[in-house]
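Understanding the architecture of this molecule
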Amino acid sequence: MPLSTSSAESRERYVLSPFSVTLRPSLFSRRLIHVSLITAFLLCTTLQCLLATSVNAQPAEQVNITLSTNNDNILSAIQKIEQGSVFRFVYREEELHNIKVNNIPAVQRSLKETLDLLFQNTGLSYTQLGNKIMLAAAVKKAAQDLSIAGMVTDEAGVPFPGVSVRLKGNNRISTATDVNGHFNLNYPQTTNATLIFSYTGYTSKELAIGTQTSVSLSMNPDAGSLNEVQIIGYGTTTRKTSTGSLASITASEIGQQPVGNPLAALAGRLSGVLIAQNNGVPGGAVQIQIRGQNTLQSGGIPLYVIDGVPFTNFNGGSPATDNLNAFGTSGASGGLSPFNMINPSDIERIDVLKDADATAIYGSRGANGVVLITTKKGQSGKVKVNVNLNTGFTEVNRKIPMMNLEQYLAMRREAFVNDGTAPNASNAPDLTVWDQTKSTDFQELLFGNKGHVNEAQMSLSGGNEQTRFFFNSGYRRESTVYQGNNASRRFSNRLNLDHTSANRKFAINLSVAYTNDNTTVPTTDVVSAYNLPPNLPLYDADGKLFWATGFTNPLASLLKTYTGVTNNLIANSNIRYNIIDGLNAKVNFGYTSNRLDQIAKNPASSQNPAASPTSFADFTSGNAQNWIIEPTLDYSRNIGGGKLTALVGTSYQQNSSNTLFLRGTNYSNEALLSTLTAAGTVTVSYHNIVKYKYDAIFGRLNYEWKDKYLLNATYRRDGSSRFGPQNRFGNFAALGAGWIFSQEDFVKNSLPFLSFGKLRGSYGNTGNDQISNYIYLPLYSPASTYLGNAATNVATLPNEGIRWESTKKLDVAIELGFLRDRIYLTANYYRNRSSNLITSNALATQSGYNSYTTNLPATIQNRGVELDLSTTNVVAGDFTWKSALNVSFTNNQLLDFPNLASSFYASSYVVGEPVNVIRLYHYLGVNPATGAATYEDKDGNGIINANDRYVADIGTPYYGGFNNTFSYKGFELGVFFQFNHRFGVTEILNTRPGALINQNEYWLGRWTPTNSDAGIPGASATAGTAISASYNNYTSSDAVYGDASYLKLRSVNLSYKLPSKWLAPAHVSACNVFIQGQNLYTWAKNKYTLDTETTIQGGPSGLGTGTLGQVLPPLRTIVFGINCTF
Amino acid sequence: MKKLIRHSYFKASILLLAATFTSCKKFVELGAPPTQVLLQDAFTTDASAQSAVLGMYTYINAAANGFLTNEHIYPGLSSDDLQYNTASDPQIQEFANNAILSTNTNALSSWSIPYSNIKNANNCISGLEGSTLLTASVKSQLLGEAKAMRAFCYFQLVNIFGGVPLVLTDDYDAFNKALQPRNTVAEVYAQIVKDLTEAQTALPVAYAGTFRGRFNKHAATALLARVYLYQKDYANAEAQATQVISSGTYSLPAPELAFVNTSNEILWQIATIQGITVQGAAYVTAATVIPTYTLADVTYRSFESAADLRRTNWTVVKTIGGKAYYGITKYKLNAGTGNEYNVVLRLAEVYLIRAEARAQLNNLEGARADLNAVRSRAGLPALSAALTQQQVILAVEQERRVELFGEWGHRWFDLKRTERAIPVLTGLKPAFKATSLLFPIPQTQLIANTNLVQNPGY
């Protein structure tokens, strides 16, 4: 197979033929799915491939070969050498055409000698770069030639050999960088001479020379290519050589989505990663679950690492959450995500580590997966200014079809007829007192407004070879869809600075981000009032807010306001010193400080005057800080034909959090609720101070042999202050291996269409310590005072023996690249088993406690298959179409639970079923005579009770996303769909039809005496009637439960790059105009929910399974904008 | 030279790493948080030890745990003392029906809450006894309070459930404590007597703090008198009651003032922050609202005279929907702020203890004098000197019924200990049977501690 350099400019016409493939993952043979894949055959006669290998071959003078030539042309001579050695030639085919080489006899010589003899007087010159020999036809230097020298580095600032450098418009004038990344090129004097730098797997760059005689630049890998650098714990790898399981998203995908929270941009795009927003209120929490639920009660929060420094906000609260207001109060948004403090446009890439190989280096904190965030760094060269302005609107993209007033009143009247009772003023004010002609569309009233989003970002980037900077400042304002003047405003700033000493031995990278967020929203999410009776009056005859027994006027709820002001500082620095060749000492420092001040106001005017209410306000001030220091030593060396990398390090971390919660009451005037000074009485609700310390030693050994065989071993010993002295330290280790079989000759020869193939696997254990602090210590805590004196109590029983939860992770994957990686498939199988589960266990209360926290010998298993497929479907002229599909199949199971039947959890868990198992009654339909629901009496004892329930299918058997990007000339269109197959509630029911509350249209099909064969029970207004009682089990039956799958058009992005000829006169180097949409449309089996996946803590179990009480859904957001670089 | 520098950098780095590794262990040691204090450090100063002891009072006072409600209402409903008017909670109705299921969560809290406070008392006793840093008088006082509190909690438990596990050690033994089997009634009483006798010795006559909110010597003595009476040890009951009565510290004010927190009748009350009691909240309602719990009709009708000041002052008749309800108004307040605390021990009971003991010892004159002390405060005439011993004993029962109604399950305990429950309640309470006298051991506890044996009949 002849090798030649590929020209970045030469574009073959590739056409794809789509066909359908059926995947049958044996693991889920029960649930067989058909996935349409787009794949392709390449209609191309020759395959051109440049293997970008690392520099580790021996020098040409040390390798002996035997070669004879007789009237060979150069190409056949090269072929002979390639067949007999590991060396590969790089050249431009047209340059070598018809060049004859010298005839030499078959004698063993060194390669250098052979080449020198062969090329003598042919005008050819060669350079060796590792196992690549770069050939060039000698070019005569013209008298008027100019010369340019320069240096090329890779994205990490390391000299980059083998980069092709050529003059734009004249392919004959070219060279390649040497082992030091240096190049020297002579070129004829022309106007606007421009150099093109290219390397397979890296983005080609153009550089106008102008009057310069020396240049420097750095190359960045193509997103998605094999050389794309992937960030791993304490280092980097590439997609090619990685032995771990990672999923990544880059700035371009994040930047296409108009989201305020970077985590929200990940939804559906990463295999094995389930992401759900709690609600659509600005600032709301986003929850992430990587490869299923690993624990019964401890936290499942992944470890977040920003620029190498862990970013931890979990402070031991229960339930485990990293919300900024884990201690403190909350507004309509509920939990506040710490990632609202991070401007999505600061982010270069996010890598999610999933298996033991990738996560064990984080030891105890790797069990729930690791999310690595890398922020943008400066680029050397002229200072670039980038401005991005966009504006748009938000709205609820889906409303619940509710009964109208007429239908509602008919249902109510019918309910009283069914009950045989008469409506009166106390049980039916809607039928007897309130106006029956005026109705309110509560959805329109409460959340029918359009919110506005305005965002302005400006970044500056520049520097020279040694020092580079990136500064980004952004302002984002998002108002809500509620009535009133609610908005969230975020002002964020980031400065990243990196400096390398002239001898490149010392390097420092500093990054400082400061964010201020000011959010005003109602204290409660008024969306939950969507089902009020449509004729519930909102105002009384005097124009004052109307109050009725059993109802809170939703307009009153809007008068209760919440203001949260967050100030967040994240400062990181990484210092590296190169001690001797291959040996580096590094230290990471990180400091995060978050201050959150909240006021939740409850004016008397927002409360029912019948209870003679008084105004009060809650004030919280929370201060959370954490710092971390991580010194490491790393060493890399070529040994035995391979590359060995070793790393050792330690980590010290301390978190502290201090929250004061005060309540002011007895206000004289509700206009003064913003200040505690005006409060008649101030009481301390709590003052919470917690500390957490953590340290570790860790090491990693990595060996890459012949670019084919990869081995990676990691070990970590972790100590956490959450455990007692004898169990404080845990040991975690993992082994990963990879085989790049596409490097094997027999594969190359027999499967020429396979451009890349790798088998990899790993096994290891990681741990979890996301439990409350101080569980092992017997502590007296302050209790309420007694006769004016302080009192203390022991609130929880300590358990000195508490120890780490541990997860054993097995991971096997195959990665295949076809047709020069135009089709790239990764198939991954994993099996995680978690044990020593920390949970609260029952204790006989004669001990003084009803439970204690302990490690249960139960085991949870999560296993699944993840498929990632990316394809370049069409490259034809100016048109390209690329796709990316990911599907994750999941299965969660409680594998083992000794003595479950006699434990506290006998009714909570079932061995062999998912940990969030639910049991449902089997609904048999309606009794046509009475209109009551009937259920199967499973045990036949004549009573319907808890024993008659069946275990229901639960969870998300598979989910994923499908992204398509089309580009034509300056236009680019991205369309992303997210899908989720899962079991859940299919029809929402509020109390029961006929109660003093509105219902959705599903209940129009209910039983009536004239519609006695209906599938849905009848209406009843009164508790205790036969129909009414039959509804008690209805929502715990399969009548309203089943396939609750959905498909979401999650985001669409259309941008147009203005032609440079328009921009040049204005000295603008690039400009895009764009329109972006998020959460655009949902197709769901459950028509009666605002959103299919919002999850609130304390709601139904399982992430992203929707809530029965409705919350504000993630909003449809459409923005228009312009992005220019100067 | 350059090589050497490189070398020393290398060495220094290795040394630094080695040093950091060795300091690992120390780093993650974290003492108690700034907001809490370690158990072993809680008894190192007088103030700190006192706060731990006060924790016992605030614990049983915590409205959330329902102790003060449970201990009044459920035994009251099980006897002929109280009646449940709304019948809306089937679990509460089970008490009124004498058909309590072992899954009843209210019965569970009657079991668990006293044990939680016994845990508090155990921690205090063990911490105080182990401490050498406290002022002797303070230590003695606190130890007395903790023992009296433990005795009080066991007294409630043994009378509701029968013999219960005697758990007497501190938290370091929690897992063993959780598996202890039941002790006999006699063993529990022996421990109660031991604790109260020691408390009596340890406690001073003067009250610590304000408002008689904590145990003093007389309060422990009064409780001991009650305990002896329940054990039919009449001589000791009389002797202990006499100590309280003859101390001259207490008197019987007019009924309307008896439950005010400054009342001189009170021996021990559990103070609340707002000056409102849970009994007030449970019994007192607006004029037009049917109280959830009222005095049982039979008890209301058992007042011997309409002029009994207790009937006129401690009850209120509400006729709602044509039906009369007899509200209990010993406490007057049910919301806001006030001057009422939860009274546990008061002088009237001590007189009645002594009256009963004397009657049983055939000191009929002494018994009548004590009864008359209580009757005269209620505006009733003195009892006839012609009464026989049996009549005096019944007169004590009657006097206790109309004096102590609605309080601490007195009526239920009296009927049980005097073996009068079966004659009195049979017929009146259709489902009542002999095994109803003990509440069931909660099901969850039988699961959590397999060494426990259920009471007969459940």
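Residues numbered from 1 in each chain as written. Chains lettered and ligands numbered in written order. Predicted model: local features only at pLDDT ≥ 70, side-chain atom pairs only at ≥ 80, totals over all residues. Heavy atoms only, no water.

**Topic: the overall build of chain A**
To be explicit about the condition: Each helix is a run of H or I in the DSSP string that is no shorter than four residues. Each strand is a run of E no shorter than two, and both are numbered from the N terminus. Atoms counted for the radius of gyration: C-alpha only. Globule rule: 2.2 Å times residue count to the power 0.38. Burial classes: relative accessible area under 20% of the type maximum marks a residue as buried, over 50% as exposed, and values in between as partly exposed (1.4 Å probe, protein chains only). Whether two residues are in contact is decided by their heavy atoms, any of which lying within 4.5 Å being enough. For the accessible areas, the method is Shrake-Rupley and the probe is 1.4 Å, while residue cover comes only from the protein chains on display. Only four residue types enter the tally: Lys and Arg on the positive side, Asp and Glu on the negative side; His and the chain ends are excluded. For this purpose, a charge sits on NZ of Lys, CZ of Arg, CG of Asp or CD of Glu.
Summing up its helical and strand segments, chain A has 12 helices and 53 strands in all. In summary, chain A has a C-alpha radius of gyration of 33 Å against a globular reference of 32 Å for 1126 residues, a match within 12%. In terms of principal-axis extent, the alpha carbons of chain A reach across some 115 × 70 × 65 Å. Residue burial in chain A is summarised as follows: out of 1126 residues, 56% are buried. Taking the contacts inside chain A whose residues are at least 6 apart along the sequence as the reference set, 69% of them involve residues at least 24 apart. When the accessible area of chain A is evaluated, it comes to approximately 44400 Å², of which 54% is carbon and sulfur surface. For chain A, the centre of its 87 positive side-chain charges and the centre of its 77 negative side-chain charges are spaced 4 Å apart.

**Section: the side chain of Gln443 of chain A**
All names here are of chain A. The criterion, for reference: Think of a polar contact as two N or O atoms within 3.5 Å of one another; within protein, one of them needs to be a possible hydrogen donor and the other a possible acceptor, and neighboring residues in sequence only count if both atoms come from side chains.
Along the polypeptide, Gln443 turns up in helix H8 (residues 442–447). Assessed through its relative accessible area of 5%, Gln443 is described here as buried. Among the polar contacts listed, one links the side chain of Gln443 to the backbone oxygen of Ile400, at a separation of 2.6 Å. Beyond its immediate sequence surroundings of up to four residues, Gln443 is in contact with Lys399, Ile400, Met402, Gly448, Tyr530 and Leu1090.

**Structural notes on helix H9 (residues 185–202) of chain B**
Residue and element names in this part refer to chain B. Just so we agree on the cut-off: What a helix should span is 1.5 Å times the count of its residues minus one.
With 18 residues, H9 should cover 26 Å at 1.5 Å per step; its first-to-last C-alpha distance of 25 Å lies within 8% of that length. Within H9, burial applies to Val188, Tyr189, Gln191, Ile192, Val193, Asp195, Leu196, Ala199 and Gln200. Residues of H9 that are buried make contact with helix H7 (136–161), helix H10 (217–230) and helix H11 (234–246).

**Some words on the nonpolar core**
Short version of the rule: Residues belong to a common nonpolar core when they are buried Ala, Val, Leu, Ile, Met, Phe, Trp, Tyr or Cys residues joined through side-chain atoms within 4.5 Å.
If you look at the biggest cluster of nonpolar residues, it comprises 138 residues, and the most contacted ones within it are Tyr154, Ile192, Phe215 and Trp268 of chain B. Examining the composition of this core, we find that 14 residues originate from one element, H7 of chain B, more than from any other. One finds Val281, Trp434, Phe447 and Leu596 of chain A within the second-largest nonpolar core, a separate group that totals 34 residues.

**Thoughts on helix H6 (residues 105–130) of chain B**
Between its first and last C-alpha atoms H6 of chain B spans 37 Å; for 26 residues at 1.5 Å apiece the expected length is 38 Å, and the two agree. A distance of 2.8 Å separates the backbone nitrogen of Asn106 of chain B from a side-chain oxygen at the start of H6 of chain B, and that oxygen is part of Asn104 of chain B.

**Observations regarding the pairing of strand E5 (residues 315–320) of chain B**
Residue and element names in this part refer to chain B. Quick reminder of the rule: Two strands pair under a simple rule: DSSP has to find at least two bridges between them.
Strand direction decides the pairing type here: E5 and strand E6 (residues 323–328), joined by six bridges, are antiparallel. Across the sheet, the residue bridging to Thr315 is Ile328, located in E6. Once E5 ends, the chain turns through two residues before running back antiparallel as E6, passing Gly321 with a positive phi of about 60°.

**Observations regarding the confidence of the model for chain B**
Detail in the predicted coordinates should be disregarded across regions flagged by low pLDDT. Residue and element names in this part refer to chain B. Defined as follows: How sure the predictor is of each residue is captured by pLDDT, a score from 0 to 100.
Averaged over every residue, the pLDDT of chain B is 90; residues scoring 70 or more account for 94%. Note on residues 1–5: pLDDT under 50 across the span, and zero contacts to partners over four residues away in sequence or across chains. Interface predicted TM-score (ipTM) for the complex: 0.89; the corresponding pTM is 0.79.

**Some words on the interface of chain B and chain A**
The line we're drawing: What counts as buried area is the accessible surface, traced by a 1.4 Å probe, that two parts surrender upon association, with contributions from both included. What counts as a salt bridge is simple: a side-chain nitrogen of Lys or Arg found within 4 Å of a carboxyl oxygen of Asp or Glu. By the convention adopted, Pro, Cys, Tyr, Trp, Phe, Met, Ile, Leu, Val and Ala count as nonpolar, Lys, Arg, Asp and Glu as charged, and the other residues, Gly among them, as polar.
Between chain B and chain A, the residue contacts involve 67 residues of the former and 59 residues of the latter. Across the chain B to chain A interface the summed buried area is about 5100 Å²; carbon plus sulfur atoms make up 67%. Considering only the side of chain B, the residues that lose the most area to chain A are Phe27, Val28 and Leu30 of chain B, jointly responsible for 15% of the buried surface there. Taken together, chain B and chain A are joined by zero salt bridges. Within the residue set of the side of chain B that touches chain A, elements represented by two or more residues are helix H1 (2–22), helix H2 (24–27), strand E1 (37–38), helix H3 (46–61), H6, helix H8 (174–177), strand E3 (266–270) and helix H20 (443–448) of chain B. Among the residues forming the side of chain B that touches chain A, the class breakdown is 40 nonpolar, 20 polar and seven charged. Pairing geometry for strand E35 (residues 779–786) of chain A and E1 of chain B, over two bridges, is antiparallel. Within E1 of chain B, the residue paired with Leu779 of chain A across the bridge is Leu38 of chain B.

**Quick word on the pattern of salt bridges**
All names here are of chain B. With the rule as written, the count across this model stands at 58 salt bridges over all chains. Here Arg310 and Glu403 are joined by a salt bridge, their closest N and O atoms 2.7 Å apart. Separated by 93 residues along the polypeptide, Arg310 in helix H14 (residues 309–314) and Glu403 in helix H17 (residues 389–403) bring together distant segments of the chain. Residues Arg310 and Glu403 agree in their burial class; the two are buried. The structure contains a network of salt bridges with shared partners spanning Glu265, Glu304, Asp308, Arg310, Lys330, Arg346, Arg375, Arg377, Glu399, Glu403 and Glu407.

**Focus on the packing of aromatic side chains**
How two aromatic rings sit relative to each other is set out by the distance from centre to centre and by the angle between their planes. Spelled out, the test is: Stacked, tilted and edge-to-face pairs are distinguished by plane angle, under 30 degrees for stacked and over 60 for edge-to-face with tilted covering the rest, among Phe, Tyr and Trp rings (Trp via its six-membered ring) whose centres lie within 6.5 Å. Geometrically, a lysine NZ or arginine CZ counts as sitting over a ring once it is within 6 Å of the ring centre and also within 35 degrees of the ring normal.
Summed over all chains, the structure comprises 56 aromatic pairs over all chains. Plain terms: the ring middles of Phe897 of chain A and Tyr905 of chain A are 6.2 Å apart, the flat faces sit at 50° to each other, and that makes the pair tilted. Phe897 of chain A sits in the buried class, given a relative accessible area of 6%. Geometrically, the ring pair formed by Tyr300 of chain B and Phe303 of chain B is edge-to-face, given 6.2 Å between the ring centres and 75° between the ring planes. For Tyr300 of chain B, a relative accessible area of 9% translates into the label buried. Pairwise contacts between aromatic rings join Tyr921, Tyr923, Tyr935, Tyr1002, Trp1003, Tyr1031, Tyr1034 and Tyr1088 of chain A into one cluster. Positioned above the aromatic ring of Tyr692 of chain A, the side-chain terminus of Arg722 of chain A is 3.6 Å from the ring centre. If you follow Lys323 of chain B out to its NZ or CZ, it ends over the ring of Tyr325 of chain B, 4.8 Å from the centre.

**What to know about the sheet that holds strand E10 (residues 194–198) of chain A**
Residues and elements named next belong to chain A. Applicable threshold: Each axis is a line fitted through C-alpha atoms, and for a helix only the stretch in contact is used; angles between axes span 0 to 180 degrees, taken between their N-to-C directions.
The four strands are arranged E8-E7-E10-E11 in an open sheet whose pairing can be described as antiparallel. Of all strands in the sheet, those with a lone pairing partner are strand E8 (170–176) and strand E11 (205–208), marking the two edges. Averaged over all pairs of adjacent strands, the angle between their axes in this sheet comes to 25°, without regard to strand direction. Note: strand E7 (residues 164–167) against E10, four bridges, orientation antiparallel. The residue of E10 that forms the bridge with Arg166 is Ile196.

**Looking at unusual backbone geometry**
Residues and elements named next belong to chain A. Unlike most non-glycine residues, Lys706 shows phi in positive territory, near 55°. Inspection of the secondary structure assignment puts Lys706 in the loop between strand E31 (681–705) and strand E32 (709–720). Its relative accessible area of 46% is what places Lys706 among the partly exposed residues. Non-glycine residue Asn899 carries a positive phi angle of around 55°. Among the secondary structure elements, Asn899 is positioned in the loop between strand E42 (879–896) and strand E43 (919–920).

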